[in-house]
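# A structural walkthrough
Letter by letter, the chains look like this.
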Amino acid sequence: MDGQLYAAARDVTDRVERERLEREQEAEHLELAKLESIGTLAGGIAHDFNNFLAGILGNISLAKMHGGLDGSVYGLLEEAERASLRAKELAGQLLTFSQGGAPVKKWVALGPLVEGAATFAVRGSAVRVAVETSEDLGVVEVDEGQIAQVVHNLVKNAGEAMPAGGTVHVSVRRTIVEEGDARSLDPGSHVELVIRDSGVGIAKDHLARVFEPYFTTKQTGSGLGLATTHSIVKRHGGVITVESEPGVGTTVSVLLPAPRQVPPPAQTDQTVSSGLRGHGRILVMDDEAAIRTLVRRALESWGFSVVATAHGAEAIERYQEARASEQPFAAVILDLTIPGGMGGEETIARLREIDPGVKALVSSGYATDPIMAEYRSHGFAGVVVKPYAMGEMRRALSDLGLMDEPGSSM
């Protein structure tokens, strides 16, 4: 009899446990579906927003390039540019939080990047920042904009945790992760970023939720900062951890894989002379008329001849016509996403069939496609990200060998 009672009790216990696990799995699936829907919406909004912002920021950059501006007018343009860059930062957070945001990696000097982003994050506040970098830090292969965003988000959060002021301590160093590390990281060389404040701290029951989208204990803020930061770190193959005690402060640690390699010299050169002039014809494809006009103005001001098209089929037709007339294009700039039309991926595939040597830059403000991170494997020679910074556009064209000092011979 006792055995029967025990078996019945065990059956009830097992059934209750199964039902509990099923409820947890169902809740998890609902949460994932909700996050996927939010991510899709966020990415779509950011894509359209970036297109509008590209026209604003690009035209401000062009206006600043013209000489003879009154000092007060130039100052107003700089204020508008700063506001646009803040808007670009918000769009970047939305894109990274969405289902895309694959890192577009290049070799970056991490020390100056961390110091610059950290200093900018506390500008205008009562908080100061102390940055310590190791001498052997060197360069690492990361997405420069995304890692700057991580530093900015974390330092800004740390500063806001100290409303009366104080110092945010930031350190970044090389470290080795050993085999079997509990943090599930691949063994080898990593960089460790640590951000520490002496602020109000985080309650224990909130710690587990700090990376949830839209979760925030602050009266102001979107709740996207830490969710975006977590997404960036994860996409770089790293981990982020938070330790906090109310009334004592918070420490956030980020570990990113950073094998010691020697970067190609061309990828570490961040400057392009403003005296360089372009040569040749450029084909631009973008569905937004305002962006086509902006890019045309910029390229023509640098010396290029430009033909602009709205979609892939037209771009292919113009490219074939140019080759037939013996006035070929030196390069093409292709928007990745063309709603209702042929986008950059299909267009470059068709152009490579026509001309295997085509030089193409892929352009997008919508990073949901890994093409932006793996552009070379799709036939592109470089990337220009919307909203455009004209210096980045010049650098990309210079890397293709299309800009020279005036009077130089090819």
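Keep in mind that this is a model prediction, so the values were computed, not measured. (Residues numbered from 1 in each chain as written. Predicted model: local features only at pLDDT ≥ 70, side-chain atom pairs only at ≥ 80, totals over all residues. Heavy atoms only, no water.)

## Looking at the overall build of the protein chain
For the protein chain, the count of helices and strands is eleven helices and 14 strands. Look at the contacts in the protein chain between residues 6 or more apart in sequence, and 73% of them connect residues 24 or more apart. (Helix = DSSP H or I, 4+ residues; strand = E, 2+ residues; numbered from the N terminus. Contact = heavy atoms within 4.5 Å.)

## As for helix 8 (residues 289–301)
Relative to the 18 Å expected for 13 residues at 1.5 Å per residue, helix 8 spans 18 Å between its end C-alpha atoms, a close match to the ideal helical length. Along helix 8, the residues classified as buried are Ile 291, Arg 292, Leu 294, Val 295, Ala 298 and Leu 299. Considered in projection along helix 8, the buried side chains sweep an arc of 165° and stay on one side of the axis. Just downstream of helix 8 lies Gly 303, where phi reads positive at about 110°. (Expected span 1.5 Å × (residues − 1). Buried < 20%, exposed > 50% of the residue type's maximum accessible area, 1.4 Å probe, protein only. Arc of directions from axis to C-beta.)

## Concerning the packing of aromatic side chains
Using the criterion set out here, one finds one aromatic pair in the structure. Look at Tyr 319 and Phe 329: their rings are 6.1 Å apart centre to centre, the planes differ by 25°, and that puts the pair in the stacked class. Highlighted residues: Tyr 319 in helix 9 (residues 312–324) and Phe 329 in the loop between helix 9 and strand 11 (331–335), separated in sequence by ten residues. Phe 329 shares its class with Tyr 319; the two are buried. One residue, Arg 281, lies across the ring of Phe 329, its end atom 4.6 Å from the ring centre. Positioned above the aromatic ring of Trp 302, the side-chain terminus of Arg 394 is 5.2 Å from the ring centre. (Phe/Tyr/Trp six-rings, centres within 6.5 Å; stacked < 30°, edge-to-face > 60°. Lys NZ or Arg CZ within 6 Å of the ring centre and 35° of its normal.)

## What to know about the sheet that holds strand 13 (residues 382–385)
One open sheet holds the five strands; their spatial order is 10-9-11-12-13, and the pairing between them is parallel. Each edge of the open sheet is held by one strand with a lone partner, namely strand 10 (305–309) and strand 13. Averaged over all adjacent pairs, the angle separating strand axes in this sheet is 20°, with direction ignored. Where strand 9 (residues 281–285) lies against strand 10, five bridges are found, and the strand directions are parallel. In the sheet register, Ile 282 faces strand 10, and the bridge partner there is Val 306. (Pairing = 2+ DSSP bridges. Axes fitted to C-alpha atoms, helices over the stretch in contact; angles between N-to-C directions.)

## Some thoughts on a nonpolar patch on the surface
On the surface, Leu 69, Val 73 and Tyr 74 cluster together to form a nonpolar patch covering roughly 210 Å² of accessible area. Here Val 73 lies in helix 2 (residues 71–97). Residue classification places Val 73 among the partly exposed positions, given a relative accessible area of 37%. (Patch = residues over 30% accessible without salt bridge, like charges linked within 9 Å, V, L, I, M, F, W, Y side chains within 5 Å. Areas by Shrake-Rupley, 256 points an atom, 1.4 Å probe, with all protein chains shown as cover. Salt bridge = Lys/Arg side-chain N within 4 Å of Asp/Glu carboxyl O.)

## With respect to the environment of Val 172
Turning to its location among the elements, Val 172 is positioned in strand 4 (residues 166–177). Taking C-alpha positions, Val 172 is 5.0 Å from Thr 133, a pair spaced 39 residues apart along the chain.

## Overview of the sheet that holds strand 4
Sheet architecture is open: five strands sit in the order 2-4-5-7-6, paired in mixed fashion. What marks the edges here is a single partner per strand, and that holds for strand 2 (127–133) and strand 6 (239–245). Each adjacent strand pair in this sheet contributes to an overall mean axis angle of 15°, direction not counted. In this structure, strand 5 (residues 188–197) lies alongside strand 7 (residues 249–257), joined through eight bridges in antiparallel fashion. Across the sheet, Val 194 pairs through a bridge with Ser 253, a residue of strand 7. Contacts from helix 3 (residues 110–121) reach strand 2, strand 4 and strand 5 within the one sheet, and its direction differs from that of strand 2 by about 170°.

## Observations regarding the confidence of the model for the protein chain
Counting all residues, the mean pLDDT for the protein chain is 80, and 77% of those residues have values of 70 or more. Every residue in residues 266–272 is under pLDDT 50, and counting partners more than four places away or in other chains gives 13 contacts. (pLDDT = per-residue confidence, 0-100.)

## A closer look at the nonpolar core
In this structure, Leu 110, Leu 154, Val 155, Val 168, Val 170, Leu 193 and Ile 195 are the most contacted members of the largest nonpolar core, which totals 36 residues. Secondary structure elements with two or more residues in this core: helix 3, strand 2, strand 3 (139–142), helix 4 (144–160), strand 4, strand 5, helix 6 (225–235) and strand 7. Leave out the neighbours within four places in its chain, and Val 170 touches Val 114, Ala 118, Val 129, Ala 130, Val 131, Glu 132, Val 155, Leu 193, Val 194 and Ile 195. Counting 25 residues, the second-largest nonpolar core is a separate cluster that includes Leu 62, Ala 298, Trp 302 and Ala 396. (Core = buried A, V, L, I, M, F, W, Y, C linked by side-chain atoms within 4.5 Å.)

## Things to note about the packing of helix 3 against helix 4
Contact pair helix 3 / helix 4: the axes reach a minimum separation of 8 Å and the direction vectors enclose 40°. By the criterion of interaxial angle, the relationship of helix 3 to helix 4 is oblique. Of the two possible hands of crossing, helix 3 and helix 4 adopt the one that is right-handed. In this structure, helix 3 contributes Leu 110, Leu 113, Val 114, Ala 117, Ala 118, Phe 120 and Ala 121 to the contact, and helix 4 contributes Glu 144, Ile 147, Ala 148, Val 151, His 152, Val 155 and Lys 156. (Parallel < 35°, antiparallel > 145°, perpendicular 65-115°, else oblique. Left-handed = near helix turned anticlockwise from the far one by under 90°.)

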